[in-house]
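Okay, here's what each chain looks like letter by letter:
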Amino acid sequence: MDLDTRIESARIQMLQANTQHAAALTAEVEAQARPEAEQKRRKDLHRKAMKASAEVDRLVADCVTEAQRLVPLLEKIRERATLIEAANFAVPDSAELVPPGEPRCS
């Protein structure tokens, strides 16, 4: 082999080694990025869940407040329904039944 051929062969081998090294570095960077990306995804999910948890706490408190507000109304409805039921049980002659006052769903 003459000197020029050996130099060209060595240059090609060096280019191949550099290419393999660059591919190995790229693969290593990508392998390191995967766990980092997964951790970022998990952190984002955790942050969103913490926000949702705070919102659920507020919504539950709102439900309790609304339920406490509805209790007196429901008690009045029950009292009126009992009165109407008693009146309709003993309706006088020639009198119509008292309508229950409930909204009709269609």
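Details of the structure are given in the entry above.
The rules behind each value
- Residues numbered from 1 in each chain as written.
- Predicted model: local features only at pLDDT ≥ 70, side-chain atom pairs only at ≥ 80, totals over all residues.
- Heavy atoms only, no water.
- Helix = DSSP H or I, 4+ residues; strand = E, 2+ residues; numbered from the N terminus.
- Buried < 20%, exposed > 50% of the residue type's maximum accessible area, 1.4 Å probe, protein only.
- Areas by Shrake-Rupley, 256 points an atom, 1.4 Å probe, with all protein chains shown as cover.
- Lys, Arg positive; Asp, Glu negative; His and termini not counted.
- Charge placed at Lys NZ, Arg CZ, Asp CG, Glu CD.
- Patch = residues over 30% accessible without salt bridge, like charges linked within 9 Å, V, L, I, M, F, W, Y side chains within 5 Å.
- Salt bridge = Lys/Arg side-chain N within 4 Å of Asp/Glu carboxyl O.
- Expected span 1.5 Å × (residues − 1).
- Bend = angle between axes of the 7 residues up to and from the residue.

Section: the overall build of the protein chain
Along the protein chain, the regular secondary structure elements total one helix and zero strands. Along the first, second and third principal axes, the C-alpha set of the protein chain runs to 130 × 30 × 15 Å. Counting the 106 residues in the protein chain, one finds 1% classified as buried. Summed over all atoms, the accessible surface of the protein chain reaches about 10000 Å², with 61% contributed by carbon and sulfur. Charge separation in the protein chain, taken as the distance between the mean sites of 16 positive and 18 negative side-chain charges, equals 4 Å.

Things to note about the environment of Leu45
Mapped onto the fold, Leu45 is located in helix H1 (residues 3–89). The spacing of Leu45 and Leu25 is 20 residues in sequence and 30 Å in space, taken between C-alpha atoms.

What about a nonpolar patch on the surface?
Together, Leu70, Leu73, Leu74 and Ile77 make up an exposed nonpolar region whose accessible area comes to about 370 Å². Here Ile77 shows up in helix H1. Residue classification places Ile77 among the exposed positions, given a relative accessible area of 53%.

Details of H1
Look at H1: 120 Å from first C-alpha to last across 87 residues, which is about the 129 Å you get at 1.5 Å a residue. For H1, the principal kink sits at Leu70 and spans about 30 degrees; a proline, Pro72, occurs within the next four residues.

Quick look at unusual backbone geometry
Although it is not a glycine, Ser94 adopts a positive phi angle of roughly 60 degrees. Residue placement: Ser94 occurs in the segment after H1.

What about the pattern of salt bridges?
Taken as a whole and assessed by the stated rule, the structure comprises nine salt bridges. Note that Arg11 and Glu8 form a salt bridge whose closest N and O atoms lie 2.7 Å from each other. Of this pair, Arg11 and Glu8 both sit in helix H1, three residues apart, which is roughly one turn of the helix. By relative accessible area, which is 40% here, Arg11 ends up partly exposed. When its relative accessible area of 34% is taken as the criterion, Glu8 is described as partly exposed.

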